[in-house]
Structure formats: C-alpha cells, structure tokens
Amino acid sequence: MAVFSEGGVTSPDIYIGVSCIFLLLLCTALNSRVFYHSYRKRGSVARTLYLCLSATDLISSWVLLGIYAVNVLREKEEDCKNSEDEECNERYFWKMTVATLGMRIYTVISFTMSFSPAHITAFLASTRYLKIKYPFRPLKLRYVITSLLITISWIPVIVSCAMFIDTGAPDCRPFKSISNPFAWNYCPIILGVKVSSSGYFYFIIAVSAMLQIGAMFTSILTTYELIKVYLNPVSESTGREGKRIKSSMKILLTNLGSFIHVLIIVITAAKSDVTPDTEISREMAITYILFETIVPAFISTLNPIIYIILTPDCNVKPC
C-alpha cells in the first residue's frame, strides 16, 4: 500500500481503501433493497426508471469502488520495491504507463456507468413533470427507455474515440497513472476533432450537463405545479395529494445529487488541461480520485437512502 507514499503502509492509502470498501458494501445493500422494492411494484415509467437507477448505482459502485480498492491497496510492482528512482517513490502515484487493451475497455465501461445515473435521474425529473402537467396523456415506456439509451450511448462513443482512435503522436495515446482508476488520453481525436485534456472532459459531459440543466428547469416547473395543486382546496383528497408531493420530492432530491455530480465534473474539467509531463501534486491526485470515484459512489449510495426515507411502504415493511 504505497500509492501516495514513499513506501510502506500509509494513512492516505488506508483511508481511501477503507472508504471504498465501506461505500461499496453500503451501496450494495441499499440499492439491492430499492431494486427489490421497485421490482414488486406495479409497472410504470417511474418504476422502470427506478429499477434502472438502482441497478446502475449498484453496478457502478462495483465498477468504480471495487476495482479501485484493489488498485490502491495492492503492493508496488517488483521493479519498484527496491528502486531509488523518484518515479517509484515520491512520484509513484503519478507513474505513467501506456494503457493496455483491458484498461481501455474498463475505462469505457467505468465512464458509462459513472454518468448513467445522472441521465436516469434527469429522465425521472422530466417524466414526473409531464405526468403532473398532463395526467391524461400517459407516457409510452418504450419511447422513454429508447430516448434514455440514446443519450447514454453518447458517453461510450466519446470515450471509445479517445481510447481506440490512433492519433499518430506518442503523447496522444491513452495513459494510465498508478493513482487514477482509469486510462486517460491527454490530446485525443473526438469525432474527427483533436482536443485538449479539458476539451475531452467537456465532450464527455456535454449530454449529461444539458440533461441536468433541463431536469433542473423541469424540477422548478414541477414545484410550481405542486404548489398550485396544494393551494387548491378542491383539487384532490389530502392523502393522495400528500403522497404525490412526497413522490415528487423524492425525485427532485435524487436529481439534485446528480446535478451536483455533473457540476463537480465541470469544475474538474476546467482545471484539467494537463499532459503526461505535467507536475501533479499528491493532494491534487487525491482530489481527482475523490471527484472521479468517491463522489459518484457516494451519490449512488445517497439515492437509495432518499428513496427509502420518502417511500412509506419501504419503511413499514421489508422491501
């Protein structure tokens, strides 16, 4: 365990590794509970999207946290254990190697799983508004799921461009540093355009950011519609209206976490115009890990907590 040290067992490695394992176990338990509860409910667009969200949160926690916990807690390579080279000691956390085929494939999967919850929560928020605004115009589930899959497909397409399109330049290949959970291309060709490291970030989050902006707008409209209905004394029975408000709040709070995640990624992108030769401090490398691994996993853990708290029948009886 020496990713962020000069050798031996160190606090950063232990803290990061234990945090990954704790979040992994908690996320697995909570999302399994939500998935089972949603599976037992009557079929609807919201039920299907919650099934997708809990399954995606569960899988992404294993993809992001499980792999990285192994990465950060493992021992140094044999050629680095007794080396005096700075790259094997003070700068070991930023030691670069050309990404293998397996690492490139894992990178495509990890980015897709990391951003998929933001797409699903955006669709949850939008479909909730449409259901409240137009109660007599039921949404077609196949259209919702097809649209969702189309938006999610943007991520693997963009990341695959960076991972598998040859630029012809030695420094513009996918590299993997010891501390990063995935590979990164610092000057890839995306959809025929050569971009910088930060430009690559912006390409990845483009659709997610637009969806979240739209979801926050529909969240405001949903809140407005709920206030109108709540202030109308002859609208519906109090019990039914209270259930609708709680259901809507559940979706709005869930989407808020995804909005924060995308916002953090945007801030990270703005500060990530680097190259393989850029000097990165230990603190900055840990910050990248928190933003790219721990924060998405924390939000994947927070989503089922919000669901359980704001779903009455999930608290009264076992889900």
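Each chain carries its own residue numbering, running from 1 in the written order of its sequence. Predicted model: local features are reported for residues with pLDDT of at least 70 only, side-chain atom pairs are reported and counted for 80 or more only, and whole-chain, interface and lining totals are derived from all residues. By convention in this description, side-chain values take in all heavy atoms of the structure and omit both hydrogens and water.

Asks: Sorry if this is basic, but what is going on with helix α5 (residues 141-164) here?
Replies: Owing to its 3.6 residues per turn, the α-helix brings residues three or four apart onto one side. Secondary structure elements follow DSSP: runs of H or I no shorter than four residues count as helices, runs of E no shorter than two count as strands, and numbering proceeds from the N terminus. Helix span, expected: 1.5 Å multiplied by one less than the number of residues in the helix. The end-to-end C-alpha distance of α5, which contains 24 residues, comes to 34 Å, matching closely the 34 Å that a straight helix rising 1.5 Å per residue would cover. The rule is simple: take the accessible area with a 1.4 Å probe, protein chains only, and divide by the maximum for that residue type; under 20% is buried, over 50% is exposed, in between is partly exposed. Those residues of α5 lying buried are V144, L148, T151, I152, I155, I158, V159, C161, A162 and M163.

Asks: What is the right way to look at the packing of aromatic side chains in this model?
Replies: Pairing of aromatic side chains here covers Phe, Tyr and the six-membered ring of Trp, requires ring centres within 6.5 Å, and sorts the geometry by plane angle: under 30 degrees stacked, over 60 edge-to-face, intermediate tilted. A complete count under the given rule lists 6 aromatic pairs for this structure. Relative to F115, the ring of F111 has its centre 6.5 Å away and its plane inclined at 5°; by these criteria the two rings are stacked. Here F111 pairs with F115, and both are found in helix α4 (residues 101-133), just 4 residues apart, close to one helical turn. The exposure class of F111 is buried, given its relative accessible area of 6%. Taken together, a centroid distance of 4.3 Å and an interplanar angle of 40° make the contact between W184 and Y200 tilted. Placement of W184 in strand β3 (residues 184-185) and of Y200 in helix α6 (residues 197-231) is noted, with a sequence separation of 16 residues between them. Summarising the burial analysis for this pair, W184 and Y200 share the class buried. Members of the aromatic cluster, connected to one another through ring pairs, are F111, F115, F182, W184, Y200 and F201. Note on geometry: a ring has a charge over it if NZ (lysine) or CZ (arginine) is within 6 Å of the ring centre and within 35 degrees of the ring normal. Just above the ring of Y143 sits the side chain of R142; from NZ or CZ to the centre is 4.9 Å.

Asks: Is there a simple way to think about the confidence of the model for the protein in this case?
Replies: As a note on interpretation, predicted positions should not be read in detail where pLDDT is low. pLDDT: the predictor's confidence for each residue, scored from 0 to 100. Averaged over the protein, the pLDDT score is 78; the fraction of residues at 70 or greater is 75%. When mean pLDDT is taken per element in the protein, α5 scores highest with 95 and helix α9 (residues 312-316) scores lowest with 61.

Asks: I'm lost on the environment of C172 in this one. Help?
Replies: With respect to the helices, strands and loops of the structure, C172 is situated in the loop between α5 and β2 (174-177). What makes C172 buried here is its relative accessible area of 6%. Considered as a pair, C172 and S196 are 24 residues apart in the sequence and their alpha carbons are 9.7 Å apart. With residues up to four places along the chain from it excluded, the contact list for C172 reads T167, N185, C187 and K194. Contacts: residue pairs with any heavy atoms within 4.5 Å of one another.

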